[in-house]
Amino acid sequence: MDILEGKLETVTALSRQIPELKDPDPIEEYQKRLPNTADLVLAAFRDEQAVRFKKGSERDAYFHSWMRGVLPAFRQRGVARALAEYQEKRAKNKGHTTIVFKTRNYLKGMLIFALQNVF
């Protein structure tokens, strides 16, 4: 698996393939919410296919892990954990000691991930 700091176009297209993300935001919304270079857009690839994405941004006192998703066929393979580790390492290197992780109650997989990874 390759993890790349990616393009909004890649992860926005991928978000449309995540069944739980009902009516995902268009790219313009991500551009508005991630307006500067302190933002982090990641994509995980298996055999050149994007299978997971993660977006976040630096705030004054913390790093905000904002949006994420894994294609159903690639779940339970450690892809989410690998991207979280990448994001955590980058946030730590930038001096952050706190990562804020939010999810919605209906996203059972993300709730379990958050609990298993002490968020």
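Residues numbered from 1 in each chain as written. Predicted model: local features only at pLDDT ≥ 70, side-chain atom pairs only at ≥ 80, totals over all residues. Heavy atoms only, no water.

1. Focus on helix α4 (residues 108-116)
Here comes step 1: Along α4, the residues classified as buried are Met110, Phe113 and Ala114. One side of α4 holds all its buried residues, which, seen down the axis, span an arc of 100°. Away from the buried face of α4 by more than 90 degrees, exposed residues Lys108, Leu115 and Gln116 are located.
Here comes step 2: Buried positions along α4 lie against β3 (49-58), β4 (63-70), α3 (79-93) and β5 (99-101).
Here comes step 3: Positive phi appears at valine 118, one or two residues downstream of α4, with a value of about 60°. (Buried < 20%, exposed > 50% of the residue type's maximum accessible area, 1.4 Å probe, protein only. Helix = DSSP H or I, 4+ residues; strand = E, 2+ residues; numbered from the N terminus. Arc of directions from axis to C-beta. Contact = heavy atoms within 4.5 Å.)

2. A look at unusual backbone geometry
Here comes step 1: Of note, aspartate 47 is a non-glycine position whose phi angle comes to about 50°, a positive value.
Here comes step 2: The topology assignment puts aspartate 47 in the loop between β2 (39-46) and β3.
Here comes step 3: Phi is positive for glutamine 76, which is not a glycine, with a value near 65°.
Here comes step 4: With respect to the helices, strands and loops of the structure, glutamine 76 is situated in the loop between β4 and α3.
Here comes step 5: Glutamine 76 gets classed as exposed once you look at its relative accessible area, which sits at 83%.

3. Details of the nonpolar core
Side chains of a nonpolar character, in soluble globular proteins, are inclined to be buried together.
Here comes step 1: Among the nonpolar cores identified, the biggest contains 33 residues, and Leu8, Val11, Val51, Phe53, Met67, Leu71 and Phe113 are the most heavily contacted of them.
Here comes step 2: Those elements giving two or more residues to this core turn out to be α1 (8-15), α2 (27-33), β2, β3, β4, α3 and α4.
Here comes step 3: The dominant element in this core, judged by the number of residues it contributes, is β2, at six residues.
Here comes step 4: Other than its neighbours up to four places away in sequence, valine 11 contacts Val41, Leu42, Ala43, Phe53 and Lys55. (Core = buried A, V, L, I, M, F, W, Y, C linked by side-chain atoms within 4.5 Å.)

These figures capture arrangement, not role.
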